[in-house]
Amino acid sequence: RGRWRSTIVELVVLGLPLDVSNGSGSLGCSYDWGDDSRCARLNMETYWATVFTLALAWVLVFVPVCMYAYEASDEEARSSSPAWCEAAKAEAATLAAFGVVVGCMFGLLNQFAIPYAEYKAESRNATTLVYDAATSSRNVLEAMGDLGESPEAPSSDSGAARLPATFFTYTTALMSWVGWFLFCIWGGIGLAALPLDLIFSYVHRPVPLGSAEVAEYKLQLQARAEELVDVGKALQNERAEFVTAHRASFWKMRRREAEDRVRLNKLKQAVYILESELRDFVLCSTNRERYDPLVYVGHLLLGLLALLHSILWIVHVVLFVLVDPPVSPFLNDYLLQFEQWYPLFAALACVIFAAYLLLATIKGAFKFGMRFFLIDLHPMKYNATYMNHMLFNVALFLLCAFPVAQFTTISFAYYAQFSDAATVFFVIEHLTFFTVFFENKVFEYLLVISCALSTVYLLFAPRDEPASAAKLKASLNRRRADLHLPLNPPAASQFPPHNSL
């Protein structure tokens, strides 16, 4: 399953440079003008339709079914029906809700407005333009631009042609719209967090400890582990007693579930940090022979490289996307100069920039969960990733693949001007309701603002501090007091807070 997920994401990321190399949208390849020997003649419209269909199937069907089945398997012993049956019911409800939303929006807002400009002029002298299919159409446009300098300039008229959209196009647009919010918020956080975390990993790297420091720190880790075990047991008991001893209204139950989710996320965060510190403790105390300082030097180098990519992306968005007309093509010129002598380098650079955005989004989602506890933590560990963590990241990857491909096409508009992807996303951008967000560049502003705020915040608070076990236990005791349940006993261990390695 993981391999299928990565294949679909790879097809999305690799699709734009493949589309540009195909050149099916250029004048030479579309209308057989000039030399078309370098036109690949691939049907990229079918390619994008197939990729989007696979991604939609995974996001709406396969991933939810797996998540529902995984969750139902834990409750199978207490349920009369098998896990697959519960998963099928939940998936049917999900598809029904999604179908109602899409159906209502499609029935009311299923048109897109294509802007056009009509020019009228009288031709006096015939001019022959030689067009090479492998070159840009800017030369043709520049030659045609001389018409405007004649004494009798052509008259123009503009408007918008309204056309109906297909159900598949509208479904793709809706999924892309949802993914845009996740990408802009978490992607902006990730553009700041990814390089900073790698650099601070080198700054705060583990160092060998003396015997006295090892003994003291070992006791601190043991005390923190005991406290977290007590909190976990108290949370489990409070859940069970609430279900058996208290019946509340629907809204009170929802509020209680939200509070319970925050407490559980805090517990998960504290456990994750404790596991990370324990791993570093073992590495610099009892397992020193496996300590490799070059690993952290690699983190520093990767952090500097990631910092360069983040800066390039933000500067490019400000100079080319947000400003109208653009101040500079910036990265477009970087990619186009490769097209003149070795197009493969342009394709590789485009893939690297797009893949970096996806990695930053995953990092941003995890960093957001580590600091604000509003979403569950889903860390990816080599040979130690839980199934629900894998499924969450699969869904996030696929859901954000739509906006990343669209954002890359918008950002590299000069590079992708003859691609079918530009046409596909152009239609999505001009759909009724969605066009407001794209015309006003809401998502691009949100991405830049999210990155700027995250950078300032992470520079002042670079390290993830664990949630306080004492405050968690006090919160549970207050909750139990409100429900007239017996209070949890205080923790037996009273060790000081943890020290950084």
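Residues numbered from 1 in each chain as written. Predicted model: local features only at pLDDT ≥ 70, side-chain atom pairs only at ≥ 80, totals over all residues. Heavy atoms only, no water.

> Would you mind going over the overall build of the protein chain with me for this structure?
Counting its secondary structure elements, the protein chain contains 16 helices and 2 strands. In the protein chain, buried positions account for 41% of the 501 residues. For the protein chain, the exposed area adds up to about 27500 Å²; of that, 63% sits on carbon and sulfur atoms. (Helix = DSSP H or I, 4+ residues; strand = E, 2+ residues; numbered from the N terminus. Buried < 20%, exposed > 50% of the residue type's maximum accessible area, 1.4 Å probe, protein only. Areas by Shrake-Rupley, 256 points an atom, 1.4 Å probe, with all protein chains shown as cover.)

> What's the story with empty space enclosed by the protein in this structure? I'm lost.
Here the idea is plain: a probe the size of a water molecule rolls over the atoms and shows the empty space left. Counted under the stated rule, the structure contains 1 cavity of 30 Å³ or more. The computed volume of the largest cavity comes to approximately 80 Å³. Along the walls of the largest cavity sit 14 residues, with V12, V13, L16, A405 and T408 positioned nearest its centre. Going through the elements one at a time, α1 (2–22), α11 (343–372), α12 (387–411) and α13 (420–429) are the ones with two or more residues in the lining of the largest cavity. Looking at the lining of the largest cavity residue by residue, the class counts come to 12 nonpolar, 2 polar and no charged. (1 Å grid on protein atoms, 1.4 Å probe; cavity = no way out; pocket = protein on both sides within 12 Å on 5 of 7 lines; lining within 4 Å. Points joined across faces, edges and corners; volume = space filled by probe spheres on them. Nonpolar A, V, L, I, M, F, W, Y, C, P; charged D, E, K, R; others polar.)

> Even after reading the chapter, I still don't get the pattern of salt bridges, so can you show me in this structure?
Think of it this way: side chains of opposite charge can pair up when their charged atoms draw near. Taken as a whole and judged by the stated rule, the model has 5 salt bridges. The salt bridge partner of D197 is K367, with a shortest N-O separation of 2.9 Å. Here D197 is found in helix α6 (residues 167–203), whereas its partner K367 is found in helix α11, with 170 residues between them in sequence. There is no split in this pair, since D197 and K367 are both buried. For R371, the salt bridge identified is with D464, shortest N-O distance 2.5 Å. With R371 in helix α11 and D464 in the loop between α15 (442–460) and α16 (469–482), the pair connects residues that are 93 residues apart, well separated along the chain. You can call D464 partly exposed: its relative accessible area is 23%. Each of D197, K363, K367, R371 and D464 takes part in one network of salt bridges that share partners. (Salt bridge = Lys/Arg side-chain N within 4 Å of Asp/Glu carboxyl O.)

> Explain the packing of α12 against α13 here, please?
Any two packed helices are characterised by how steeply their axes cross, that is the angle between the axes, and by the distance between the axes. α13 packs onto α12 with a crossing angle of 105° between their chain directions and a minimal axis gap of 10 Å. On the basis of the axis angle, α12 is roughly perpendicular to α13. Listed contacts from α13 to F402, A405, Q406, T409 and I410 of α12 are A421, A422, F425, I428 and E429. Class assignment for the residues of the contact of α12 with α13 results in 7 nonpolar, 2 polar and 1 charged. (Axes fitted to C-alpha atoms, helices over the stretch in contact; angles between N-to-C directions. Parallel < 35°, antiparallel > 145°, perpendicular 65-115°, else oblique. Contact = heavy atoms within 4.5 Å.)

> For this particular structure, what's the right way to read the packing of aromatic side chains?
One pass over the structure, following the stated rule, counts 39 aromatic pairs. Summarising the aromatic geometry, the rings of W177 and F437 are spaced 5.6 Å apart at their centres and angled 65° between planes, so their arrangement reads as edge-to-face. Of the two residues, W177 sits in helix α6 while F437 sits in helix α14 (residues 435–439), which places them 260 residues apart along the sequence. Each member of the pair W177 and F437 is classed as buried. Ring centres 5.2 Å apart and planes at 85° place the aromatic pair F181 and F443 in the edge-to-face group. Taken together, the residues F181 in helix α6 and F443 in helix α15 connect sequence positions 262 residues apart. The class of F181 is partly exposed, set by a relative accessible area of 29%. Directly above the aromatic system of Y202 lies the positively charged group of R205, at a separation of 4.3 Å from the ring centroid. (Phe/Tyr/Trp six-rings, centres within 6.5 Å; stacked < 30°, edge-to-face > 60°. Lys NZ or Arg CZ within 6 Å of the ring centre and 35° of its normal.)

> Help me out: how do you make sense of unusual backbone geometry in this one?
Apart from glycine, the bulk of residues carry a negative phi angle, and the bulk of peptide bonds sit in the trans form. The omega torsion of the bond from D324 to P325 falls at 0°, within 30 degrees of zero and hence cis. For K441, which is not glycine, the phi dihedral falls at a positive 55°. Along the polypeptide, K441 turns up in the loop between α14 and α15.

> Would you mind going over helix α10 (residues 331–341) with me for this structure?
Within an α-helix, residues lying three or four positions from one another point in the same direction, as the helix has 3.6 residues per turn. Of the residues making up α10, those classed as buried are L331, N332, L335 and F338. Looking down the long axis of α10, one finds its buried residues gathered within 130° of arc, a one-sided arrangement. For α10, exposure combined with an orientation more than 90 degrees from the buried face picks out Q340 and W341. In this structure, the buried residues of α10 make contact with α9 (293–322), α11 and α12. (Arc of directions from axis to C-beta.)

> Looking at this structure, how should I read the confidence of the model for the protein chain?
One rule of thumb: low pLDDT means the predicted coordinates there are not for detailed reading. Confidence in the prediction for the protein chain averages 79 pLDDT; 79% of positions are at 70 or higher. Low pLDDT, under 50, characterises residues 126–153; the stretch is placed with 35 contacts to residues that sit more than four places away or in other chains. Across residues 490–501 the pLDDT falls below 50, and counting only partners more than four positions away or on other chains, this stretch makes 24 contacts in the model. (pLDDT = per-residue confidence, 0-100.)

> Would you take a moment to explain the environment of M387 for this structure?
Relative to the elements of secondary structure, M387 occurs in helix α12. Exposure remark for M387: the relative accessible area of 39% places this residue in the partly exposed category. M387 sits 321 residues away from C66 along the chain, and the two C-alpha atoms are 9.1 Å apart.

> When you look at the side chain of S450 in this model, what are you seeing that I'm missing?
Assignment of secondary structure puts S450 in helix α15. Only 2.9 Å separates the side chain of S450 from the backbone oxygen of I185, close enough to count as a polar contact. Among the polar contacts made by the side chain of S450, one reaches the main-chain amide nitrogen of I189 at a distance of 3.5 Å. When sequence neighbours within four positions are dropped, the list of residues in contact with S450 reads C184, I185, G188 and I189. (Polar contact = N/O pair within 3.5 Å; in protein donor to acceptor, adjacent residues only side chain to side chain.)

> Any chance you could explain the environment of A354 here in plain terms?
For A354, the location among the structural elements is in helix α11. For the pair A354 and A401, spaced 47 residues apart in sequence, the C-alpha to C-alpha distance is 9.3 Å.

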